[in-house]
Amino acid sequence: MKEVDFLVIGSGIAGLSFALKVADYGKVCVLTKADAAEGSTRYAQGGIAAVIYDTDSFEKHIQDTLVAGAGICDEETVRMTITEAPERIKELIRYGIRFDKRPDGLYDLHREGGHSNFRILHHKDNTGAEVERGLLEEIHNHPNIELIENQYAVEIITQHHLGQWVTHHTPDIECYGAYVLDSRTKKVETYLAKVTLLATGGSGNVYTTTTNPLTATGDGVAMVHRARGKVADMEFVQFHPTSLYHPGEKPAFLITEALRGAGAILKTIKGEEFMQKYDSRLSLAPRDIVARAIDNEMKISGAEYLYLDARHLGKRALMEGFPNIFAKCLDLGINISNDMIPIRPAAHYQCGGILVDRNGESSIRHLYAAGECSRTGLHGGNRLASNSLLEAIVYAHNAAMDAIRKIKDISICHEVPDWNAEGLVFNEEMVLVTQTRKELQELMSNYVGIVRSDLRLKRAYDRLSLIYKETEDLYKRSVLTEELSELRNLIACAYLIIRAASQRKESIGLHYSVNYPPVEKQIN
Ligand code: FAD
Ligand code: SIN
């Protein structure tokens, strides 16, 4: 058994930011299931949205967020996040994270879909890699922080593990730490902690095509759901309109929206503009609208991809502004200054997640969540581009401040038993796991994708029920592996998405059903 003050699960922007803030107040252990740098953070391209200069205003950023969120954001959360943004950005800069500047010394701000102003701080077209680099450097220099790679959190520990009956109605469920599978020794270790933070990222791998790395299997959300904690807004899955069409590549390579912000135009397979049919903001309309328009055009033409045309921006601007995209496409024989870029939508961001309050605390005591695994109310029905890195730093900060205030009154629970693996046998048929994962991804992509219907949701639920039952049977008799546990988590997230989508009898934000007309909510 290991004991720490703060247990952090996940080493993306949310986990690392929290760890740095609490490290002067106790022993911190950061666990991550892959290499330290792996996670969605390092793939972020566009940047971080924040009001930096007085040519912009908090009110405009707030309004853009509320509009993109289809009028169902939590307005207080939106106000808090956006007004706290500049302070948090200054901290990133103090950590040595670099954002691009113009020759006159001012920050070079980009614009993305749904933003009424240029307000995206970025580092070329690989902002996330720069953020992750800077944070990891700080983490490695802090004597109170231990970061351990290849540690897979299986379950959070609650009263349930002490033999008590816990249901969704149990008041005061408490978290005592987590059971963690060491991927090298294959042993499950017990981590006891006063405070635990889940920063496990999203669940894009519920779908066949996703921009998310393989680590994004919704582990945190699934753990909280099993522990009878609260999860919300899971129906709102954001599909990014423009991932590079390159079948079989995982994750799907993203073509940043900033390229459309710089003037690139969406075109049909015949090379014709089409966004005028869908929205007056054309290629820079919010993502839900653009993704649905692309989906519709693909269905009309039967094409597997459409095009993004950036040729008119010129070779120099493309190579300097978007060096990674330029190089990646060139590698595949696409010279984006001469050729249009083949694109298609891909599952990109989970707007819902573990329900947290404004301090990042979940419905389970001493358990916090931050970053993409959490549901703060900032995104409502649809996330505004580049608001997620922002949400992660603001909520990591607030969670850290709250945890520091409370930790002196929390003690370690010493009654927790070790993980029980008695009587389990090795699963000798990996195909049972790999094939089921593919089946799950296909059913979610076909029936619970960009456009949904009652009939498709019902069919998805029926198919999922069978997959769930088979996988639970396998899990109960098998020695634990990361692959099997991830599959269970993907199934749990798929269930939460289908359940939430089926309960919502309207089309709003990212949840669009052919059975219900779109709802326009009033925004003050
Ligand atoms: P992540 O960075 O995904 O980190 C999750 C961590 O948890 C990883 O370390 C993972 O290994 C670990 N983990 C997961 N499960 C377990 C487990 N069971 N046990 C132990 N460890 C576990 N947002 C923006 O605001 N601007 C952008 O420009 C932008 N571009 C994007 C581009 C791409 C291609 C993608 C995929 C996303 C983009 N996003 C962007 C979204 C944004 O990057 C993510 O929402 C954000 O980085 C999530 O950070 P996080 O810390 O919550 O999770
Ligand atoms: C992008 O660069 O287009 C992604 C931005 C985001 O997901 O916020």
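Above this note sits the structure.
Quick caveat, the model's predicted, so the values are computed rather than measured.

Undergrad: How would you sum up the site of ligand 1? Please name residues and give values.
TA: Close to ligand 1 lie 38 residues; Thr41, Gly47, Asp219, Glu372 and Ser388 are nearest. The backbone of Ile13 places a nitrogen or oxygen atom 3.2 Å from an oxygen atom of ligand 1. At 2.6 Å from an oxygen atom of ligand 1 is found a side-chain nitrogen or oxygen belonging to Glu372. Coverage of ligand 1 by the protein amounts to 98% of the 1000 Å² it exposes when considered alone. Elements represented by at least two residues in the shell around ligand 1 include exactly helix H1 (13–22), strand E6 (151–157), strand E13 (341–350) and helix H10 (388–406).

Undergrad: A description of the environment of Ser485 should follow, citing residues and the corresponding values.
TA: Relative to the helices and strands, Ser485 is located in helix H13 (residues 482–503). Taking the C-alpha atoms as reference points, Ser485 and Glu428, 57 residues apart in sequence, are found 15 Å from one another. Ignoring sequence-local partners within four residues, the contact set of Ser485 consists of Tyr152, Val154 and Leu480.

Undergrad: Give me the lowdown on the environment of Met401, citing residues and values where you can.
TA: By the secondary structure assignment, Met401 is in helix H10. Met401 gets classed as partly exposed once you look at its relative accessible area, which sits at 30%. Sequence separation between Met401 and Phe18 is 383 residues; the distance between their C-alpha atoms is 9.2 Å.

Undergrad: Lay out the sheet that holds strand E14 (residues 353–355) with the relevant residues and their values.
TA: Pairing in this open sheet of three strands is mixed, and the strands run E9-E14-E16 from one edge to the other. Single-partner strands in this sheet number two, and they are strand E9 (231–232) and strand E16 (374–375). Of the strands in this sheet, E9 and E14 are in contact with helix H5 (residues 219–226), which crosses E14 at around 45°.

Undergrad: If you had to explain unusual backbone geometry to someone new, which residues and values would you point to?
TA: For the bond from Lys250 to Pro251, the omega torsion is -10°, close enough to zero to count as cis. Relative to the helices and strands, Pro251 is located in the loop between strand E10 (237–244) and helix H6 (257–261). Positive phi, close to 60°, is recorded for Asn150, a residue that is not glycine. Note on placement: Asn150 falls in the loop between strand E5 (145–148) and E6. For Arg228, which is not a glycine, the phi torsion comes out positive at approximately 70°.

Calculation notes
- Residues numbered from 1 in each chain as written.
- Chains lettered and ligands numbered in written order.
- Predicted model: local features only at pLDDT ≥ 70, side-chain atom pairs only at ≥ 80, totals over all residues.
- Heavy atoms only, no water.
- Near = heavy atom within 4 Å.
- Polar contact = N/O pair within 3.5 Å; in protein donor to acceptor, adjacent residues only side chain to side chain.
- Areas by Shrake-Rupley, 256 points an atom, 1.4 Å probe, with all protein chains shown as cover.
- Helix = DSSP H or I, 4+ residues; strand = E, 2+ residues; numbered from the N terminus.
- Contact = heavy atoms within 4.5 Å.
- Buried < 20%, exposed > 50% of the residue type's maximum accessible area, 1.4 Å probe, protein only.
- Pairing = 2+ DSSP bridges.
- Axes fitted to C-alpha atoms, helices over the stretch in contact; angles between N-to-C directions.

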